[in-house]
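# Analysis of the macromolecular model
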Amino acid sequence: MAENKLAELSMDFAVKILKLTDGMKGHYSIVNQLERSATSIGANIREAKYAHSRPDFIAKLQIALKECYEAEYWLELMQKAELLSPDIAGNILHDCGVIRRMLIASINTAKGKLQ
């Protein structure tokens, strides 16, 4: 059940990012990096559903977590550079944080089942 929620949240997050960046002018490289990392989170979570083994499952979720941290970085950079308003950045960073915490919990649970 938690995996479905995580998949749903990551899809919603990716859609929010794509809508946010759709009208942004300039700073193409930062926007591109944000879009790539934000959409990669859900793709790796989806891949994890079909992992060959528990270690493969954990590896996919760890990649998703790394992408989540990267998306968070780009959002913080855009906020500090005043490319995003504090309200918008705060809301999206909150969503990113929720996904990050869920990924960490899922990884820790999966690692616990390895032992």
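Coordinates for the structure precede this section.
Residues numbered from 1 in each chain as written. Predicted model: local features only at pLDDT ≥ 70, side-chain atom pairs only at ≥ 80, totals over all residues. Heavy atoms only, no water.

### Details of the packing of helix H2 (residues 28–48) against helix H3 (residues 54–80)
For any two helices packed against each other, one specifies the crossing angle of their axes together with the interaxial distance. The following threshold applies: Axis lines are fitted through C-alpha atoms, for helices just across the contact stretch, and the angle between N-to-C directions can take any value from 0 to 180 degrees. The secondary structure listing takes helices from DSSP runs of H or I that are at least 4 residues long and strands from runs of E that are at least 2 residues long, numbered from the N terminus. An angle below 35 degrees is treated as roughly parallel, one above 145 as roughly antiparallel, one from 65 to 115 as roughly perpendicular, and anything else as oblique. When the near helix sits turned anticlockwise from the far one by under a right angle, the crossing is termed left-handed; a clockwise turn instead gives a right-handed crossing. Three categories are distinguished: nonpolar for Ala, Val, Leu, Ile, Met, Phe, Trp, Tyr, Cys and Pro, charged for Asp, Glu, Lys and Arg, and polar for the others, with Gly belonging to the last.
Direction vectors running N to C along H2 and H3 enclose 155 degrees, while the axes themselves pass 8 Å from each other. Relative to H3, the element H2 is oriented roughly antiparallel. Crossing of H2 over H3 shows left-handed handedness. Residues that form the contact of H2 with H3 fall into these classes: 17 nonpolar, 4 polar and 5 charged.

### Here's the deal with the packing of aromatic side chains
Our working rule: Between 30 and 60 degrees the pair is tilted, below 30 it is stacked and above 60 it is edge-to-face, where a pair is any two Phe, Tyr or Trp rings, Trp via its six-membered ring, whose centres lie within 6.5 Å. Burial here depends on accessible area, computed with a 1.4 Å probe over protein chains only, as a share of the maximum for the residue type. Under 20% is buried, over 50% is exposed, and the range in between is partly exposed.
What the rule picks out here adds up to 1 aromatic pair. Considering the side-chain rings of Tyr73 and Trp74, the 5.0 Å spacing of their centres and the 75 degrees angle between planes classify their relative orientation as edge-to-face. Overall, Trp74 belongs to the buried group, its relative accessible area being 16%.

### Section: the nonpolar core
For soluble globular proteins, the rule of thumb is that nonpolar side chains tend to be buried together. The cut-off we apply is this: Residues enter a nonpolar core if they are buried and are Ala, Val, Leu, Ile, Met, Phe, Trp, Tyr or Cys, with the set joined through side-chain atoms within 4.5 Å. Every residue pair with non-hydrogen atoms within 4.5 Å of one another is taken to be in contact.
The biggest cluster of nonpolar side chains holds 30 residues, and the ones touching the most others in it are Phe13, Ile41, Leu75 and Leu103. When residues of this core are traced back to their parent elements, those giving at least two are helix H1 (2–22), H2, H3 and helix H4 (86–114). At 10 residues, the largest contribution of residues to this core is made by H3. If we ignore the near neighbours within four places in the chain, the residues touching Ile41 are Ser10, Phe13, Ala64, Glu67, Cys68, Ala71, Ile99 and Leu103.

### Here's the deal with the side chain of Ser37
Its location among the elements puts Ser37 in helix H2. Using a relative accessible area of 1% as the deciding quantity, one classes Ser37 as buried. Those residues in contact with Ser37, other than ones at most four positions away along the chain, are Glu67, Glu70, Ala71 and Trp74.

Honestly, that's just the spatial picture; any functional story needs more than this.
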